[in-house]
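Secondary and tertiary structure notes
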Amino acid sequence: MITLSVIKADVGGYVGHSHMHPALIETAKSILSSNNILIDSHITSCGDDLELILTHKKGVDNQDIHKLAWNVFEKCTAKAKELKLYGAGQDLLKDTFSGNIKGMGPGVAEIEFEERPSEPILIFMADKTEPGAWNLPVFKMFADPFTTAGLVIDPKIHDGFIFEIHDVIENKKVDFALPKEMYDMLALIGQPSRYVIKSVRRSSDNEIGAVTSTQRLNLMAGRYVGKDDPVMIVRTQSGFPAVGEALEPFTFPHLVAGWMRGSHHGPFMPCAQKQANPTRFDGPPRVICLGFQLNNGKLLGPVDMFDDVSFDHVRHQANKVADYMRRHGPFEPGRLDANNMEYTTLPDVLKKLENRFKPL
Ligand code: F6R
Ligand code: MG
Ligand code: MG
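Residues numbered from 1 in each chain as written. Chains lettered and ligands numbered in written order. Predicted model: local features only at pLDDT ≥ 70, side-chain atom pairs only at ≥ 80, totals over all residues. Heavy atoms only, no water.

Glancing now at the sheet that holds strand β3 (residues 49–56). In space, the 4 strands of this open sheet follow the order β2-β3-β1-β4, with antiparallel pairing throughout. Pairing within the sheet leaves two strands with one partner each, and these edge strands are β2 (38–46) and β4 (107–113). Strand-to-strand twist in this sheet, taken as the mean axis angle between neighbours without regard to direction, amounts to 10°. Pairing of strand β1 (residues 2–9) with β3 involves 7 bridges; the strand directions are antiparallel. In the sheet register, Thr 3 faces β3, and the bridge partner there is His 56. Its contacts with the sheet put helix α1 (residues 22–32) on β2 and β3, and the angle it makes with β2 is roughly 175°. (Pairing = 2+ DSSP bridges. Helix = DSSP H or I, 4+ residues; strand = E, 2+ residues; numbered from the N terminus. Axes fitted to C-alpha atoms, helices over the stretch in contact; angles between N-to-C directions. Contact = heavy atoms within 4.5 Å.)

We now examine the domain arrangement of the chain. The assigned domain composition of the chain is domain 1 (1–114) and domain 2 (116–339). Of note, the centres of domain 1 and domain 2, computed from C-alpha atoms alone, are 21 Å apart. The partner domain 2 presents 41 residues to the 36 residues of domain 1 that form the contact. The contact between domain 1 and domain 2 buries some 2,900 Å² in all, and 66% of this surface belongs to carbon and sulfur atoms. Ranking the residues of domain 1 by area buried against domain 2 places Cys 46, Ile 111 and Phe 113 at the top, with a combined share of 17%. Viewed at the interface, domain 2 and domain 1 are joined by 1 salt bridge. Counting across the interface, domain 1 meets domain 2 through 14 residue pairs in polar contact (both at pLDDT 80 or more). Sorting the residues of the side of domain 1 that touches domain 2 by element identifies β1, β2, β3 and β4 as the ones contributing at least two each. A per-class count over the side of domain 1 that touches domain 2 returns 13 nonpolar, 13 polar and 10 charged. (Domains from an automatic or database assignment. Buried area = accessible area lost by both parts, 1.4 Å probe. Salt bridge = Lys/Arg side-chain N within 4 Å of Asp/Glu carboxyl O. Polar contact = N/O pair within 3.5 Å; in protein donor to acceptor, adjacent residues only side chain to side chain. Nonpolar A, V, L, I, M, F, W, Y, C, P; charged D, E, K, R; others polar.)

Throughout the structure, instances matching the rule amount to 0 disulfides. Free of any disulfide, Cys 271 has its nearest neighbouring cysteine sulfur in Cys 46, separated by 7.0 Å. (Disulfide = S-S within 2.5 Å.)

What the rule picks out here adds up to 10 aromatic pairs. A centroid spacing of 6.3 Å and a plane angle of 50° characterise the contact between Phe 124 and Phe 306, whose relative ring orientation is tilted. Residue Phe 124 is found in strand β5 (residues 119–127), and its partner Phe 306 is found in the loop between β15 (298–304) and α9 (312–326); the two are separated by 182 residues along the sequence. Looking at Phe 124, the relative accessible area reads 0%, which means it is buried. Among the residues examined, Phe 306 registers a relative accessible area of 0% and is labelled buried. An angle of 75° between the planes, with centres 6.5 Å apart, marks the rings of Trp 134 and Phe 250 as edge-to-face. Note that Trp 134 is positioned in the loop between β5 and α3 (135–143) and Phe 250 in the loop between α7 (243–247) and β11 (255–258), a separation of 116 residues in sequence. The buried category is assigned to Phe 250, whose relative accessible area is 3%. An aromatic cluster of at least three residues, connected via ring pairs, comprises Phe 124, Trp 134, Phe 250, Phe 268, Phe 306 and Phe 311. Geometry around Phe 240 places Arg 202 over its ring, the cationic atom sitting 4.6 Å from the centre. (Phe/Tyr/Trp six-rings, centres within 6.5 Å; stacked < 30°, edge-to-face > 60°. Buried < 20%, exposed > 50% of the residue type's maximum accessible area, 1.4 Å probe, protein only. Lys NZ or Arg CZ within 6 Å of the ring centre and 35° of its normal.)

Before going further, it helps to examine the coordination of the magnesium ion (ligand 3). Every protein donor of the magnesium ion (ligand 3) is listed here as Asp 48 (OD), Asp 49 (OD), Asp 127 (OD) and Asp 229 (OD), and their distances to the metal cover 2.1 Å. Spacing between the donor residues of the magnesium ion (ligand 3) along their common chain follows D-D-x77-D-x101-D. Here the magnesium ion (ligand 3) and the magnesium ion (ligand 2) are spaced 4.3 Å apart, and both take Asp 48 as a donor. Residue Asp 48 is found in the loop between β2 and β3, and its partner Asp 127 is found in strand β5; the two are separated by 79 residues along the sequence. (Donors = N, O, S within 2.8 Å, 3.2 Å for Na, K, Ca; no water.)

Now for the coordination of the magnesium ion (ligand 2). Protein coordination of the magnesium ion (ligand 2) is provided by Asp 10 (OD), His 17 (ND1) and Asp 48 (OD), with donor distances spanning 1.9 to 2.2 Å. Read in sequence order, the donor residues for the magnesium ion (ligand 2) give the motif D-x6-H-x30-D. When its relative accessible area of 1% is taken as the criterion, Asp 48 is described as buried.

The subject of this paragraph is the packing of α3 against helix α5 (residues 182–189). Relative to each other, α3 and α5 sit at 165°, their axes nearing to 11 Å. Here α3 is positioned roughly antiparallel relative to α5, judged by the angle of their axes. The element α3 and its partner α5 pack so that their crossing is right-handed. Together, Asn 135, Phe 139 and Ala 143 of α3 and Met 182, Met 185, Leu 186 and Ile 189 of α5 make up the contact between the two elements. Here the contact of α3 with α5 is composed, by residue class, of 6 nonpolar, 1 polar and no charged. (Parallel < 35°, antiparallel > 145°, perpendicular 65-115°, else oblique. Left-handed = near helix turned anticlockwise from the far one by under 90°.)

Encoded structure:
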């Protein structure tokens, strides 16, 4: 069995929250080059987030792997402080490692499986948004026959998929078998700030097809720290959505939460990695996708999957939607609703106004 762990954190931005300083990538690479527990690693970034893509044989939630990732983030934080990068160490909510990196700030998506004769994997990474941003595209990938033709014409996936949904507010989970329970699931995942798709398994044999990071930084910290900027692993082809089916949902730049101060809705813009530097109004929210062929756990790649002219019009549309949403200024639904503003700095402003109110 091979385990693929994608673990990420924002340990300091360059400039502001827009980009990754190359020194952090170098620091992470130098630490990971001398370990004896990984099969392979690829260190990269999406916007201001440092992304560790790791393969090994230790299974999910492994303490040694999580400790290694924590160590990388700590060393990179030290480097970020030395360079006075912005928000150095912002996602590291704890001082010392306590056995599992989940709950300590970083985002984690891990998957364990028997590597197939050929194993094409897509790793999606986002900046300036929250884990619920994956709900719509993952639903389309694994449940919408207008997106994934294989659901209709490939007997291997014709039985559908089982979705595990997490309620990140009450810390509960529930499974839905699609297509039969599609409407029940949609009743929940249409509220992406609370209900998020954690994983997807093939109904016929329970084989894992996708897993996301569901960590909500502000819920963990109890205050606004930064946005979660989630990641997702998707296995493709031969009994899973084809690569092109898994990418197809991103031709719709749907509105997600997380733009500017984590407080605004913006279009989820698929872009090449070199374009994933959220500058305009600290955004708009980005998604990149790196493709790998696994070779006995080695990461052959990456291929920058959205670095393709066939996504140019999506980016164009996203920019138009960005203009439209920006014109709302401080008004909803440009700005998030009151529930979702709870963990921003807005409540501090509202507190000051409390005494000004008189009874009607
Ligand atoms: C960071 C983010 C940014 C910041 C904004 C203000 O995830 O979304 O939009 O919230 O740049 O940052 P501060 O309050 O540090 O000046
Ligand atoms: Mg940041
Ligand atoms: Mg970020």
